[in-house]
Amino acid sequence: MSSLYAKLIAVIEDKITPMAGAVGQQKYVTSIRDGFITALPFMIVGSFMMVFIFPPFSPDTTWGFAHAWLQFSLAHRANLMLPFYFSMGMMTLFISVGIAASLARHHSLDPLTSGMLSLMGFFLVAAPLHEGKISTDYFSGQGIFTAILVAIYTTELYALLKRNHITIRLPPEVPTGVARSFEILIPVLAVVVTLHPLNLFIEAQFGMIIPEAIMSLVKPLVAASDTLPAILLSVLVCQILWFAGIHGALIVTGIMNPFWMANLSVNQAALAAGAAIPHIYVQGFWDHYLLIGGVGSTLPLAFLLMRSKAAHLRTIGRMGGVPGLFNINEPILFGAPIIMNPLFFLPFVLVPMINATLAYFAVDFDLVSHVVSLTPWTTPAPIGASWAANWTLSPLIMCLICMLTSGLMYFPFFKAYERQLLAQEEGGNIPQRVVSQTKTA
């Protein structure tokens with residue numbers, strides 16, 4: 001067993017860790033991640049409006065308060081939807097600007113200028129005119145992949161022109177703001193003369209504009225991202241990276257965010273239309289069923305640690321219990337420790353994968369409501385699960401079931417580790433590995 005563990009650690013350290021580190025620091029990955037983080041407050045507020053617009057009551061309810069709320073929502077739906085349209089409904093505009101601004105910093109460019117270039121480029125290809133009106137079809141989830149590609153293209157084009165001094169340079173006496181305006185003229189022109197003709201050409205040849213063409217190409221990937229194998233693979237990668245001390249969640253969410261947001265947009269459109277909600281794997285599913293108390297679903301473990309007979313584990317449990325309620329579990333990960341601890345490898349990897357399987361089939365069989373809202377990742381899991389599904393009760397029950405299964409799976413490994421520490425405490429000797437990792441935390 002020790003030999004197998006040593007081989008596993010060697011593979012993680014020699015193969016997986018360098019690769020994950022390279023991916024995690026790659027400028028496009030970090031820029032996409034930062035772009036989604038920039039847009040997150042707007043999307044959370046927009047998603048929150050769904051609760052007021054579509055209250056979680058049956059249309060034939062006899063409860064006076066619920067009936068009045070439903071009638072008010074129906075009577076004023078157009079006005080109530082406006083904040084949603086200008087937040088979640090325009091998520092790609094925020095994302096496009098955020099990605100370009102983040103990528104600009106890698107090239108030492110002005111983030112605001114790069115963001116405006118990206119926004120203009122996105123409008124050129126994704127906002128066609130119909131009878132004198134701009135179409136907003138691709139301002140929501142359907143345009144996410146276009147927003148990402150346009151942001152990268154326009155910023156890299158701007159960097160290329162500046163690197164080769166293909167700009168209008170005015171004398172030093174000219175005010176900085178005026179000089180910057182003239183400096184950006186050529187990049188603006190370059191974006192227009194490349195993207196607009198390309199969009200017209202693709203439309204003439206294939207009968208679709210660039211966002212339509214991109215969505216048709218990535219459609220198989222979007223569909224595959226909503227399957228149980230995709231969920232299990234993303235969880236497995238996240239857990240293995242975290243076990244090696246690498247923030248695997250940042251890498252996984254950076255890759256999955258475009259798919260999650262595209263699927264969430266479809267779910268919200270289905271909710272607004274009164275249709276069946278199709279997608280399961282969106283961010284609310286990841287946050288509130290797979291990361292209960294943080295990566296590895298360690299909140300139940302924190303409760304177990306609080307009542308441990310081992311002083312070390314009891315102290316760590318008390319330190320990590322409250323942060324764990326808000327999905328912050330670094331005190332548990334580094335203090336117990338779980339990271340690089342062979343006793344906890346199996347439950348740390350398998351617990352969220354088993355929870356993912358249980359939750360996936362529960363949602364797929366319509367036993368649990370689908371996610372239709374974006375919630376802050378720090379929302380306590382049972383509350384967040386209900387909130388993300390428009391405040392229905394079934395997700396809260398599902399989350400509690402996942403917490404119970406997590407606790408049951410962690411329990412034997414926790415007891416084995418507790419016995420090991422108790423024996424060492426009785427001998428007045430705490431393992432050096434535990435001491436050093438506790439100091440690191």
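So, a few notes on the structure that sits alongside this text. (Residues numbered from 1 in each chain as written. Predicted model: local features only at pLDDT ≥ 70, side-chain atom pairs only at ≥ 80, totals over all residues. Heavy atoms only, no water.)

Along the protein, the regular secondary structure elements total 20 helices and two strands. Across the 441 residues that make up the protein, the buried fraction comes to 50%. For the protein, the share of sequence-separated contacts (at least 6 apart) that also reach a separation of at least 24 residues comes to 72%. (Helix = DSSP H or I, 4+ residues; strand = E, 2+ residues; numbered from the N terminus. Buried < 20%, exposed > 50% of the residue type's maximum accessible area, 1.4 Å probe, protein only. Contact = heavy atoms within 4.5 Å.)

We now examine the nonpolar core. F285, W286, Y289 and L290 are the most contacted members of the largest nonpolar core, which totals 86 residues. Looking at which element gives the most residues to this core, the answer is helix α17 (residues 345-364), with ten residues. Discounting chain neighbours no more than four positions away, the residues touching W286 are S234, V235, C238, V252, T253, W260, Y281 and L291. By size, the runner-up hydrophobic cluster in this structure holds 30 residues, among which are I32, M91, L264 and L271. (Core = buried A, V, L, I, M, F, W, Y, C linked by side-chain atoms within 4.5 Å.)

Two descriptors summarise a pair of aromatic rings, namely the distance from one centre to the other and the angle between the planes of the rings. The full count for this structure, using the stated rule, is 18 aromatic pairs. On the numbers, 4.2 Å between centres and 5° between planes, the contact of F42 with F94 is stacked. Residue F42 is located in helix α2 (residues 27-53), and its partner F94 is located in helix α5 (residues 91-106); the two are separated by 52 residues in the primary sequence. On the numbers, 5.6 Å between centres and 80° between planes, the contact of W260 with Y281 is edge-to-face. In this pair, W260 is assigned in helix α12 (residues 248-273) and Y281 in the loop between α12 and α13 (283-290), connecting sequence segments 21 residues apart. Classification of Y281 as buried rests on a relative accessible area of 0%. Three or more aromatic residues joined by ring pairs make a cluster, and in this case those are W260, Y281, F285, W286 and Y289. (Phe/Tyr/Trp six-rings, centres within 6.5 Å; stacked < 30°, edge-to-face > 60°.)

A word on the packing of helix α14 (residues 299-306) against helix α19 (residues 394-426). Two elements in contact, α14 and α19, have axes separated by 8 Å at closest approach and are oriented at 50°. One way to sum up the angle between α14 and α19 is to call them oblique. The chirality of how α14 crosses α19 is right-handed. Across the interface between the two elements, L299, P300, L301, F303, L304 and L305 from α14 touch M403, S406, G407, Y410, F411 and F414 from α19. (Axes fitted to C-alpha atoms, helices over the stretch in contact; angles between N-to-C directions. Parallel < 35°, antiparallel > 145°, perpendicular 65-115°, else oblique. Left-handed = near helix turned anticlockwise from the far one by under 90°.)

Two elements in contact, α2 and helix α7 (residues 144-163), have axes separated by 11 Å at closest approach and are oriented at 125°. On the basis of the axis angle, α2 is oblique to α7. α2 and α7 meet at a crossing whose hand is right-handed. Along the contact surface, α2 presents K27, Y28, I32 and F36, while α7 presents I144, I148, I152 and E156. When its residues are assigned to classes, the contact of α2 with α7 shows six nonpolar, no polar and two charged. (Nonpolar A, V, L, I, M, F, W, Y, C, P; charged D, E, K, R; others polar.)

Let's shift gears to unusual backbone geometry. A336 connects to P337 through a cis peptide bond whose omega is -10°. Here P337 shows up in the loop between α16 (330-335) and α17. The phi dihedral of S108 falls on the positive side, at around 55°, and the residue is not glycine. Residue S108 is classed as exposed on the basis of its relative accessible area, which comes to 67%. The backbone of M340 shows a phi angle near 60°, a positive value even though the residue is not glycine. By secondary structure assignment, the location of M340 is in the loop between α16 and α17.

This part covers the environment of D226. By secondary structure assignment, the location of D226 is in the loop between α10 (210-224) and α11 (228-243). Exposure remark for D226: the relative accessible area of 11% places this residue in the buried category. It is 8.0 Å that separates the C-alpha atoms of D226 and V282, two residues lying 56 residues apart in sequence. Residues contacting D226, with those up to four places away along its chain left out, are N263, P278, H279, I280, Y281 and Y360. Polar contacts involving the side chain of D226 include one to the main-chain amide nitrogen of Y281, which spans 2.7 Å. (Polar contact = N/O pair within 3.5 Å; in protein donor to acceptor, adjacent residues only side chain to side chain.)

A separate point is a nonpolar patch on the surface. Residues L346, L350, I354, L358, L393, I397 and I401 make up a contiguous nonpolar surface patch of about 590 Å² in total accessible area. Looking at which element gives the most residues to the nonpolar patch, the answer is α17, with four residues. For I354, the location among the structural elements is in helix α17. (Patch = residues over 30% accessible without salt bridge, like charges linked within 9 Å, V, L, I, M, F, W, Y side chains within 5 Å. Areas by Shrake-Rupley, 256 points an atom, 1.4 Å probe, with all protein chains shown as cover. Salt bridge = Lys/Arg side-chain N within 4 Å of Asp/Glu carboxyl O.)

Before going further, it helps to examine the pattern of salt bridges. For the structure shown, the criterion picks out four salt bridges. When the shortest N-O distance is used, the salt bridge between K27 and E156 registers 3.2 Å. Taken together, the residues K27 in helix α2 and E156 in helix α7 connect sequence positions 129 residues apart. As a salt-bridge pair, E418 and K415 come within 2.7 Å of each other at their nearest N and O atoms. Note that E418 and K415 are positioned in helix α19 at a spacing of three residues, about one turn of the helix.

With that out of the way, let us pick up the state of the cysteines. According to the stated counting rule, one finds zero disulfides in the structure shown. As a non-bridged cysteine, C399 has C402 as the owner of its nearest cysteine sulfur, 6.4 Å distant. (Disulfide = S-S within 2.5 Å.)

Now for the environment of T392. Within the element layout of this structure, T392 appears in the loop between α18 (381-388) and α19. Under the relative-accessibility criterion, T392 is labelled partly exposed at 24%. Along the chain, T392 and P56 lie 336 residues apart, while their C-alpha atoms are 6.4 Å from each other. In this structure T392 touches S369 and S386, once residues within four positions along its chain are discounted.

The end-to-end C-alpha separation of α7 is 28 Å, in line with the 28 Å expected for 20 residues at 1.5 Å each. For α7, the tally of buried residues reaches 15 of 20 residues, placing the bulk of the element in the interior. Residue H165 follows α7 closely and has a positive phi angle near 60°. (Expected span 1.5 Å × (residues − 1).)

Everything listed here is a matter of coordinates, which is why it stays silent on function.
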